[in-house]
Amino acid sequence: MSTQPRSPTGTRLTKYVFVTGGVVSGLGKGVVTASIAKLFQFRGYNVDVIKIDPYLNVDPGTLNPVEHGEVFVCEEVWEFEPAPGYKFRIAEVDQDFGTYERFLDRNMHPANNITSGQVYLSVILRERVGHYLGRTIQVIPHVTDEIKRRIRAVVERSRPDVLLVEVGGTVGDIEAMPFLEAIRQFRLEEGAGNTALVHVTLVPYLETVGQLKTKPTQHSVRALQSSGLQPDVIIGRAASELPLDVRRKISLFCNVPEEAVVSDPNLDVVYELPLVFERQGLGEYLCRLLRLSATRPAVEAVRAWESMVRLYREYDDTVTVAMPGKYVAIWDSYISINEALRHAGAHAQVKVEMVFLDTEVFEKEPSRLEEALGEVDGVLLTPGFGSRGVEGMIAAAEYAIREDKPFLGICFGAQLLFVAFARSVMGLEGANSTEVDPDTPHPVVDLLPEQKAVKSKGGTMKLGSHPVRVRKGTRLYSAYGKELVYERFRHRYHISPHYATEAEKYGLVVSATDPSGRVVNAIELSDRYWVVGVQFHPEYKSRPNKPSPIYLAFIKAVAERKQASASSFSCA
């Protein structure tokens, strides 16, 4: 039960924690933010999280994953109305929302992702419809007021005890300046004891002198101070925990108490970070700073999290899963898939090692496909869009069919599994998706009927959570154990029902559809050990203590097949 203070009118007061980053991007502010939120959860507080992205896109749905990382999809679709008469559908959000959901085990709302594009669009369109008649529209106060309005709108909707607000990018970025100014104003308006500012910085280690260097952190804090913001807590990102002398130096030069300088070291299990912060007293310190009465964590909550973390360190075997795809230049392109595989591995008592394969290489050098896939225990064909690298992905699916390798295709990967089946089993030469080849003689994958008239790209796909009807007696049903589930979607194209019906004559099984039975949501091969493709994205709902059923079934199949192969080899 919440013990949060109340206002003089008796209404609940929300406390705010703002998280900024300095020195370089990519420090893991999302994990830090989620871990701090977890500290409040340990104490029984209701939390919510906002992510501010200063780019001018309305949402990240049209961004290349290699440039910005994975696009995460929320459970619900939000109708964003920047001004009367203008509406946009938003369910695609920053990848950090996946981190928040996994740590906090709660669904995040798309309105919690505030972008510069949304803020400026709202202000400009309102000016056009006459909202600001007679006024000169400026960054201050109009843009900053809109930012503050959006933050408070989240509080009105979810009524959290503590709201965390992560600011994307790095202090000093031009596009982030209006947000920092809005935060300065917001802290002033909320008053002492109601907000905290956490600054995450890099503390680099120079091998030439054998020292951790604090000067970048000092400069970063000064840049923050020049915006009128003094951090209450500094979290130092380094390979190892910060020694006492380094913490004291940061405390002295950055004007924060020594206990407010916190280490964020490298961890082999990312979910351990809340426990690392707890051991350093960060949760108790923030509660005192925000004048929250429940400063000590619930022992049961902490022990449950510790038990979950131990699962990721205690395993009986290691399995290797190949991930052929288009966006393998950075791991963050598939971060939810990576985590879903780790969740499944932990609960199947195996460690999952992932091998990312650029499928364009297979197109140029086909012989390398056999070599790469022959050394792994399973194959996960990744999501994607467009024609680049597709033939290599199809070749990977054909290999899995031919060699009976445990296989899971996700969204685009499921579609290309069907293309591979049509070509190699049904004998349909030139079969393809019309997304890749509009003139294919066999359009086994085509646009959803409702997508044929769509012209705009942003927010117009099939998005969010939808019901999935699972067919009894299938591998999919064995995984879920029920006939109706809800999963999240993000696609325009789908497997042709006509060709799927034909494919059933060759051993393919349509294992899931939409409730009407007209849209194919999953396929599998009846005469193979475990080859499954799903149109949806089950990774978005996977949690470290509740793995996705389909990912768990896949990893169990991979581990069992590896064990069976090893037994056969030893007997021979």
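Please refer to the structure placed before this passage.
Keep in mind that this is a model prediction, so the values were computed, not measured.

A look at unusual backbone geometry
A cis amide bond links Ile140 to the next residue, Pro141, at an omega of 15°. Looking at the element boundaries, Pro141 is found in helix α5 (residues 139-158). For Asp105, which is not glycine, the phi torsion reads 55° and is therefore positive. Secondary-structure assignment places Asp105 in the loop between α3 (96-104) and β5 (113-115). Owing to a relative accessible area of 34%, Asp105 belongs among the partly exposed residues under this scheme. Backbone geometry at Arg159 places phi at a positive 50°, although glycine is not the residue there. Tracing the backbone shows Arg159 in the loop between α5 and β6 (162-167).

Notes on the layout of surface pockets
What the second largest pocket holds in volume is close to 650 Å³. What lines the second largest pocket is a set of 35 residues, among which Gly61, Gly384, Phe385, Met461 and Arg490 lie closest to the centre. Going through the elements one at a time, α16 (412-424) and β19 (484-491) are the ones with two or more residues in the lining of the second largest pocket. When its residues are assigned to classes, the lining of the second largest pocket shows 15 nonpolar, 12 polar and 8 charged.

Considerations on the environment of Pro406
Among the secondary structure elements, Pro406 is positioned in the loop between α15 (390-403) and β15 (407-410). Sequence spacing of Pro406 and Pro65 is 341 residues, and the spatial spacing of their C-alpha atoms is 26 Å. When near neighbours in sequence (up to four residues on either side) are disregarded, Pro406 contacts Asp377, Gly378, Val379, Tyr529, Trp530, Phe554, Ala557, Val558 and Arg561.

Considering the pairing of strand β2 (residues 47-53)
With 7 of 7 residues buried, β2 is to be regarded as a mostly interior element. Here β2 shows two buried faces, one formed by Val47, Val49, Lys51 and Asp53 and the other by Asp48, Ile50 and Ile52. With 6 bridges connecting them, β2 and β6 associate as parallel partners. Its bridge partner being in β6, Val49 is matched across the sheet by Leu164. Strand direction decides the pairing type here: β2 and β5, joined by 3 bridges, are parallel. From the neighbouring strand, Asp53 faces β5, where its bridge partner is Thr115.

Rules of the game
All residue numbers refer to position in the chain's written sequence, counted from 1. Local features in a predicted model are, by the rule used here, given only for residues with pLDDT of at least 70; side-chain atom pairs are given and counted only at 80 or more, and totals for whole chains, interfaces and linings are based on all residues. For the side-chain quantities, the full set of heavy atoms in the structure was used; hydrogens and water were omitted. The numbering of helices and of strands both runs from the N terminus, where a helix is a DSSP run of H or I of at least 4 residues and a strand a run of E of at least 2. Accessible area is worked out with a 1.4 Å probe on protein chains only. A residue is then buried under 20% of its type maximum, exposed over 50%, and partly exposed in between. With a 1 Å grid spanning the protein atoms alone, the term cavity applies to any set of points in which a 1.4 Å probe fits but cannot get out, the term pocket to an open set with protein on both sides within 12 Å along at least five of seven lines, and the term lining residue to any residue with an atom within 4 Å of a point. Grid points are joined across faces, edges and corners, and a volume is the space filled by probe spheres set on the points. For this scheme, ten residues count as nonpolar: Ala, Val, Leu, Ile, Met, Phe, Trp, Tyr, Cys and Pro. Four count as charged, namely Asp, Glu, Lys and Arg, and the remainder, Gly too, count as polar. Should any heavy atoms of two residues lie within 4.5 Å, those residues are considered in contact. At least two bridges found by DSSP between two strands are what make those strands a pair.

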